[in-house]
2 protein chains.
Amino acid sequence: MTDAVADTASPVTDEELAALDAHWRAANYLAAGQIYLMGNPLLTEPLRPEHIKPRLLGHWGTSPGLTFVYTHLNRVIKGRGLDAMCVWGPGHGGPAVLAGAWLDGSYAEKYPDVSRDGQGMARLFRQFSFPGGVPSHVAPETPGSIHEGGELGYSLAHGYGAALDNPDLLVACVIGDGEAETGPLAAAWHSNKFLDPVYDGAVLPILHLNGYKIANPTVLARLPEPELDALLRGHGHEPLYVTCEDGDEPEWAHRAMAAAMDTAVERIALIQRAVREEGAAERPRWPLIVLRTPKGWTGPAEVDGLPVAGTWRSHQVPLPAVRENHEHLRQLEVWLRSYRPEELFDADGRPRPPVLACVPDGDRRLGATPHANGGQLLRELPLPPLERYAVAVDKPGGTLHEPTRVLGALLEAVMEATAQRRDFRVVGPDETASNRLQDLYKATSKAWQAEVLPTDENLGRHGRVMEILSEHTCQGWLEGYLLTGRHGLFSSYEAFAHIVDSMVNQHIKWLKSARALPWRAPIASLNYLLTSHVWRQDHNGFSHQDPGFVDHVLNKSPQIVRVYLPPDANTLLSVADHVLRSRDYVNVVVAGKQPCFDWLTLDEARAHCARGAGIWEWAGTETAYGEPQVVLACAGDVPTQEVLAAAQLLRTHLPELAVRVVNVVDMARLMPERVHPHGMPDAEFDALFPPDKPVIFAYHGYPWLIHRLAYRRAVHPQLHVRGYKEEGTTTTPFDMVVRNDLDRYRLVMDVIDRVPGLAVSAAAVRQSMADVRTRHQAWIRQHGTDLPEVADWTWTG
Amino acid sequence: MTDAVADTASPVTDEELAALDAHWRAANYLAAGQIYLMGNPLLTEPLRPEHIKPRLLGHWGTSPGLTFVYTHLNRVIKGRGLDAMCVWGPGHGGPAVLAGAWLDGSYAEKYPDVSRDGQGMARLFRQFSFPGGVPSHVAPETPGSIHEGGELGYSLAHGYGAALDNPDLLVACVIGDGEAETGPLAAAWHSNKFLDPVYDGAVLPILHLNGYKIANPTVLARLPEPELDALLRGHGHEPLYVTCEDGDEPEWAHRAMAAAMDTAVERIALIQRAVREEGAAERPRWPLIVLRTPKGWTGPAEVDGLPVAGTWRSHQVPLPAVRENHEHLRQLEVWLRSYRPEELFDADGRPRPPVLACVPDGDRRLGATPHANGGQLLRELPLPPLERYAVAVDKPGGTLHEPTRVLGALLEAVMEATAQRRDFRVVGPDETASNRLQDLYKATSKAWQAEVLPTDENLGRHGRVMEILSEHTCQGWLEGYLLTGRHGLFSSYEAFAHIVDSMVNQHIKWLKSARALPWRAPIASLNYLLTSHVWRQDHNGFSHQDPGFVDHVLNKSPQIVRVYLPPDANTLLSVADHVLRSRDYVNVVVAGKQPCFDWLTLDEARAHCARGAGIWEWAGTETAYGEPQVVLACAGDVPTQEVLAAAQLLRTHLPELAVRVVNVVDMARLMPERVHPHGMPDAEFDALFPPDKPVIFAYHGYPWLIHRLAYRRAVHPQLHVRGYKEEGTTTTPFDMVVRNDLDRYRLVMDVIDRVPGLAVSAAAVRQSMADVRTRHQAWIRQHGTDLPEVADWTWTG
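Quick caveat: nothing in here was measured; it's all calculated off a predicted structure.

Calculation notes
- Residues numbered from 1 in each chain as written.
- Chains lettered and ligands numbered in written order.
- Predicted model: local features only at pLDDT ≥ 70, side-chain atom pairs only at ≥ 80, totals over all residues.
- Helix = DSSP H or I, 4+ residues; strand = E, 2+ residues; numbered from the N terminus.
- Rg over C-alpha atoms; globule rule 2.2 N^0.38 Å.
- Contact = placed C-beta atoms within 7 Å.
- Domains from an automatic or database assignment.
- Nonpolar A, V, L, I, M, F, W, Y, C, P; charged D, E, K, R; others polar.
- Buried ≥ 20, exposed ≤ 12 C-beta atoms within 10 Å, placed from the backbone.
- Right-handed = clockwise from strand over helix to strand, strands pointing away.
- Pairing = 2+ DSSP bridges.
- Axes fitted to C-alpha atoms, helices over the stretch in contact; angles between N-to-C directions.
- Core = buried A, V, L, I, M, F, W, Y, C linked by C-beta atoms within 7 Å.
- Least-squares fit on C-alpha atoms with pLDDT ≥ 70 in both.
- Parallel < 35°, antiparallel > 145°, perpendicular 65-115°, else oblique.
- Left-handed = near helix turned anticlockwise from the far one by under 90°.
- Expected span 1.5 Å × (residues − 1).

Undergrad: Residue-level account of the overall build of chain A, with values.
TA: Helix and strand counts for chain A stand at 29 helices and 22 strands. Its C-alpha atoms give chain A a radius of gyration of 30 Å, near enough to 28 Å, the size a compact globule of 797 residues would have. By principal-axis analysis of the C-alpha atoms, chain A measures approximately 95 × 65 × 45 Å. At a minimum sequence separation of 6, the contacts of chain A that also span at least 24 residues come to 78%.

Laid out in structure tokens, this is it:
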């Protein structure tokens, strides 16, 4: 133990120390028991192979550090009456957090059969990582958690998201030294430049250096102290160090940790008081605790002649062969008994009073805080009537609007309506204005706690738009914010949503599991606005062209994922209204920011969005001729424009052809109803897409997605899809659709190629279409702009 | 100018200063010219609207900082005869780097029509961001580049990848302060704990703080100096500061930058000498330059009454309306003439001698270095005969091996054979041994420059296995390594490959564009080994289950992407041999690390992999009966085992049924040949999968991928796919396949349901299969293990 903090006077009495140690030992016993035991939970008899689980699974290495933190958070919460929660970054140490929740009684409240007694302990042990039981990580099933600990990197951003607009909340966030090597975690350190000391709560990072990952030392644990200290100060923190070594008396460790926790909590209170009551304007240097402990602390020191505690070998199951190997079994018994379970639990397996002395009451318990079951705190978002923001549409295509700018006015109203409640945020990587949502700044500002210069615009200490050039941090903030019971929107360049592919995976998995738990209240959906999309990367070109986030999301649980491609401003408003009211979904909305024709009135938009897909009779010609001969389908704003232009060309050049135009807003409508809750029954689908008629489908993204959604439909053999096929560069909007064969002229050629009989009768029309495409190539090379007939095109019906 | 470095004596003469400034002015002129001009490139006449491009695209803001760095890199390379390259993180400032390459003559060598004279200058200007021209970012088309500047975050990892095993190379890496906010960049700072000062070259990060992103200040630019300094020292660097303000005389700026460059290069030389010649063992503190400049430096100070230079408003096109607005046109002319082009270029548009005084010669030019066209330096990888590593297979399924462990022995041999050449590396996030590749440590160690403790294993200063718990950093290192002409492999948990979804997008786009450039030599493929896959997450459960990386990659250019699912050890060897020899691809290999039956001998494996998909006659029964009545297809190790077990069940219970077993290794074989170069002609496909016979396809990943690949095949209406459908937790291997309806019993039921007539005649067999599945549910809840008949199953033919 070499540490400044340990030398400071600690207010911990010997009795309190003993009780803290009892809680910690109990939690360690319970953690190890979960990994190993399926019988004899209280060790009332000698340990025998049949008491041991047949498959030993889980992660011991990080667990004793987590139990240590749990114990000391209990102490400081109870002692000071704090409103606190904890994000467990090394959440693969699930047994530790489950032990804490079982001890604080919250576990039995959620799962009455896992009661806080011997029978419940037996169940707690058996169910862990057992088929049909509970996951090995901290997970939705874990009371008090908002953070799955399986994929590392997101704890700190989650912690900050939880603290935003929760001024009285302390969010402790344990960061493993493995996790600290990840990019998302490394980026999240800068979150403290966005945390408002007035309206937001505090985040207390606890950097847990146990020295090892699966098979390697960690970088941070092997930095010389001054280098680590510089790094953490460079991240804007005042570090407090607690260093525990294997030979230390536990009393030393408890005293040091208690002192560090007290200091941290007191400094936070001072900071908040200085800002809130005394108007301090300087960005605070928030405290941070560096907790250095051995990995696998208190576990077997040596197994089969190799060191285990204090090394990477304790990462998972330190004694791997307990059922077969007598020496391992013996070591396990010695290890388990080293916690002196008989002192900790009574004969019925109930924790004795000293074990529970540090545990706070009621909702203050880490396992019971409503902040970690955010749906309990969720209020309806005050959404204004859409009529106020809708664009007037006298006739389809008569006017142009930037859809996201129209949405911006709606979001401004939501921001305004939540000015007092402060439960709505918009996050994005430096693109809110670029994405045309700048009306938001009439109602709020961009959160910013660092230096402000006179030329800056729209920065503010209390702002609720959050911009940092890290999609990971944006996503992590928003997830943390939603999981603690608030609302929000993530606006991103379409292509770069892929940066958070793996994060959204985990969030979807979280929601799927959470929805199966009756005690978890529904939370607000995670809403993406993907704009600056593939078709309009005039400045940026190929690197910014990827519409595949939709494909990625549609691989996940259909109960959770929803994808919308509104084709104009009013449909975007209707979709936004819907997704902002929804619960427990991940909604992906793809919409352009460039001027786009207005096709539908608000009422029409609402009706169309409610159906999710429908015939635009005014755009086709089938009513004049009865049954359609061909269906032109579209999804997305640019494909819709090209399809309407193609329909107009067909009306002019092939006036006898009966064309149906179908627009799809809700992509899941294309799936069978047995596959996705929004799926369309076959009869309805066949009415929209007659099985024997060719369909030319112009889709916003990768064309095969449409096949993947519709492959079971009767019309599928007749389905021909155009979309983005990775042909791009910095070029004009029309050249982009030509390069990808999504342009109006190509679509007309497709119709001629596929409607029986037209290949011959309409050969001249087909040739004239091909000629325009050739003319385009020459024109653009010379002028760098689109053909006048395309640039000036309007819908004439 | 407030700066320590500027005060140090500088060896720059006034004449040299003037020449440096001439180069910088010329580059700035050329950068601005590219954004604006399509006529009058030398300003030989007054600027008129028709000289201006119709669409003004590109990013001016970062460009003058990049030209400044280009000038000073030229100086230090030429003055000291350095072997150097540069990674341009803010690569959206494409005009700057194109200007540098045009000035150093490398551009005209690659593109002779863009000659270093007036005609070439006119072409350089016109082509920029022009349809059919060159991209707006630094891109494959840019000489001297290995880094696309569109998606931010990867420069530093690319820089380190380039420096590995290039002991004489200096890799300068410009990091924008926007990019510095991203997670991948933030993680990459720790790369210096892995850089070997003996066998690796040096990376000189140049942190360019121009203060703004698209619409916001940057975090790093607004940190107080001591906080920034602590952060950079915490990242292991000795920072050198160069601070340029708008009012500074350019001579000041040049003097400060030249001094900082000299100091940095000298410190690097000292470090390398100390380690290489004097055996210094301490991890070096590498220099780093902090270059603070105004954004849009030297551009218009004010436009329409608002400040532009020095603010975010200069991010893209500072004078946006030059064609229409006379005042903008006038300002542009003043701006362009401020560089005094007549002093810089002769009447023919050739740069005058002082402009080129700093430019190095030949391959030392930044635009000409072969390191940035790595294929030029690439050597064949010495791959040993596979026979040495193949497992003996007397009969199918007679033995079990861990496929990745078998692969590990092959990789060991490759590592051994490249011990002197040092042009092969294996990267992975702390999982090389977990993924069973630990034989590698017989030939090398894990690169590690930080503290080493006695208990550590396999760490070494010169190791060529690279492990850091950041998939982003692993990917960035490997990309940089491959792009500079070396070989490698990335081994990762399957689910977490999604972390680099967006990075692999950019790499695939890079390769697609690079292959269209005759002057870019092919590079080694980027090879992924995805293991610890979805079906075997016994310890980790749902969060670690995602087989969708394959889906993600298959959305990209078919010229570039290849996906292999070898079903056993020998097929994995054959696939590995193939992908390690290949060029310009992204190869994704999915293979398990758990014991797996050996199905094929090496010769059979080679033949099978060469076909990519084929009938396993020994596994089916069709030869006994002629035409198959059903095809059982499989792709992936676990599905293959389930399909063979199903085939065995069918052989036992329905001996009259003619079953064909088809295994697919190369997923692209399922696609039509017109879609993917590996696509199978329809006739061949129909021979494998008779169009009128039902196919039960057991696939490793999301089942709809198979539909997306095969939707145009005649058999498609008969195709029934089983795969992972997001049902998972911590459970047994067999329970996983049952939860996802991929198990042998379900497959037999599928056969019975789909082969005409069997529903009735085999109803009892179907019921018995359903009964086993029910029995499984009860057994696993009680025992936590798989049914003995499953756990002990072997293939008996």
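Undergrad: Give me the lowdown on the domain arrangement of chain A, citing residues and values where you can.
TA: All names here are of chain A. Segmentation of chain A into domains returns domain 1 (4-361), domain 2 (382-596) and domain 3 (612-791). Every element with two or more residues in the side of domain 2 that touches domain 3 is listed here: helix H18 (549-554), strand S15 (561-564) and helix H19 (569-581). The biggest single contributor to the side of domain 2 that touches domain 3 is S15, with three residues. Among the residues making up the side of domain 2 that touches domain 3, the classes are represented as 16 nonpolar, nine polar and five charged.

Undergrad: Describe the interface of chain B and chain A, listing the residues and the values that go with them.
TA: Taken together, the contact between chain B and chain A spans 96 residues of the former and 96 residues of the latter. For the side of chain B that touches chain A, the per-class residue count stands at 28 nonpolar, 42 polar and 26 charged.

Undergrad: Break down the pairing of strand S16 (residues 586-590) of chain B for me, citing the residues and quoting the values.
TA: All names here are of chain B. Along S16, five of the five residues are buried, which leaves the element largely enclosed by surrounding structure. Along S16, one buried face is formed by Val-586, Val-588 and Val-590 and the opposite face, lined by Asn-587 and Val-589, is buried too. Taking the sense of rotation as the criterion, the β-α-β connection linking strand S15 (residues 561-564), helix H19 (residues 569-581) and S16 turns out right-handed.

Undergrad: Outline the sheet that holds strand S21 (residues 695-699) of chain A, listing residues and values.
TA: Residues and elements named next belong to chain A. Within the open sheet, the five strands sit side by side as S18-S20-S19-S21-S22. Their pairing is mixed. Pairing within the sheet leaves two strands with one partner each, and these edge strands are strand S18 (613-615) and strand S22 (719-722). Neighbour-to-neighbour, the strand axes of the sheet open up by a mean angle of 20 degrees, direction not taken into account. Across five bridges, the pairing between strand S19 (residues 630-635) and strand S20 (residues 659-664) is parallel. Bridge pairing links Ala-633 to Val-662 in S20. Sheet strands touched by helix H26 (residues 744-754): S19, S21 and S22. Its angle to S21, the strand with the most contacts, is close to 160 degrees.

Undergrad: Got a sec to walk through the sheet that holds strand S1 (residues 83-88) of chain B? Specific residues and values, please.
TA: Residues and elements named next belong to chain B. One open sheet accounts for five strands, arranged S1-S2-S3-S5-S4; its pairing is parallel. Pairing within the sheet leaves two strands with one partner each, and these edge strands are S1 and strand S4 (237-243). If you compare each strand with its neighbour and ignore which way they point, the axes differ by 20 degrees on average. With seven bridges connecting them, strand S2 (residues 169-176) and strand S3 (residues 202-209) associate as parallel partners. Residue pairing in the sheet places Val-174 in a bridge with Ile-206 of S3.

Undergrad: Please provide a residue-by-residue account of the nonpolar core, values included.
TA: Core analysis: the largest hydrophobic core is formed by 530 residues, its most contacted members being A:Leu632 and B:Leu632. Among all residues touching A:Leu632, those that are not within four sequence positions of it are A:Val643, A:Ala646, A:Ala647, A:Val659, A:Val661, A:Ile696 and A:Leu747.

Undergrad: Got a sec to walk through the relation of the copies chain B and chain A? Specific residues and values, please.
TA: Each copy superposes on the other: chain B lies on chain A with an RMSD of 0.0 Å after a rotation of 180 degrees and an axial shift of 0.0 Å. Look at the turn and shift together and you get a two-fold axis relating the two. Closest to the rotation axis within chain B is the C-alpha of B:Gly183, separated from it by 2.0 Å. An overlap of 100% is found between the interface residues of chain B and their copies at the interface of chain A, pointing to a shared contact surface.

Undergrad: Tell me about the packing of helix H3 (residues 63-80) of chain B against helix H4 (residues 94-103) of chain B, and name the residues and values.
TA: Residues and elements named next belong to chain B. Contact geometry of H3 with H4 gives a least axis separation of 7 Å together with a crossing angle of 30 degrees. The angle between H3 and H4 places the two elements in the roughly parallel class. Crossing of H3 against H4: the hand is right-handed. Across from Ser-63, Leu-66, Thr-67 and Tyr-70 in H3, the residues of H4 making contact are Pro-95, Ala-96, Val-97, Ala-99 and Gly-100. Looking at the contact of H3 with H4 residue by residue, the classes come out as six nonpolar, three polar and no charged.

Undergrad: Residues and numbers for helix H2 (residues 14-36) of chain A, please.
TA: Since one α-helical turn is 3.6 residues long, residues separated by three or four positions face the same way. Compared with the 33 Å implied by 1.5 Å per residue over 23 residues, the 33 Å span of H2(A) between its first and last C-alpha is a close match. Across the 23 residues of H2(A), 17 count as buried, placing the element largely inside the fold.

Undergrad: Lay out the environment of B:Pro691 in plain terms, naming residues and giving numbers.
TA: All names here are of chain B. In this structure, Pro-691 sits in the loop between helix H23 (682-688) and strand S21 (695-699). On the neighbour-count criterion, Pro-691 (14 C-beta atoms within 10 Å) is partly exposed. In sequence terms Pro-691 and His-328 are 363 residues apart; their C-alpha atoms lie 67 Å from each other. In contact with Pro-691, not counting residues within four places along its chain, are Asp-686, Ala-714 and Val-715.

Undergrad: Let's hear about unusual backbone geometry: which residues, and what values?
TA: Residues and elements named next belong to chain A. The phi dihedral of Ser-532 falls on the positive side, at around 45 degrees, and the residue is not glycine. The residue Ser-532 is located in the loop between strand S14 (526-531) and H18 in this model. Judged by the 23 C-beta atoms lying within 10 Å of it, Ser-532 is buried.

Undergrad: Would you mind going over the environment of A:His783 in detail, with residue names and values included?
TA: If you trace the backbone, A:His783 turns up in helix H28 (residues 763-783). In sequence terms A:His783 and A:Glu457 are 326 residues apart; their C-alpha atoms lie 37 Å from each other.

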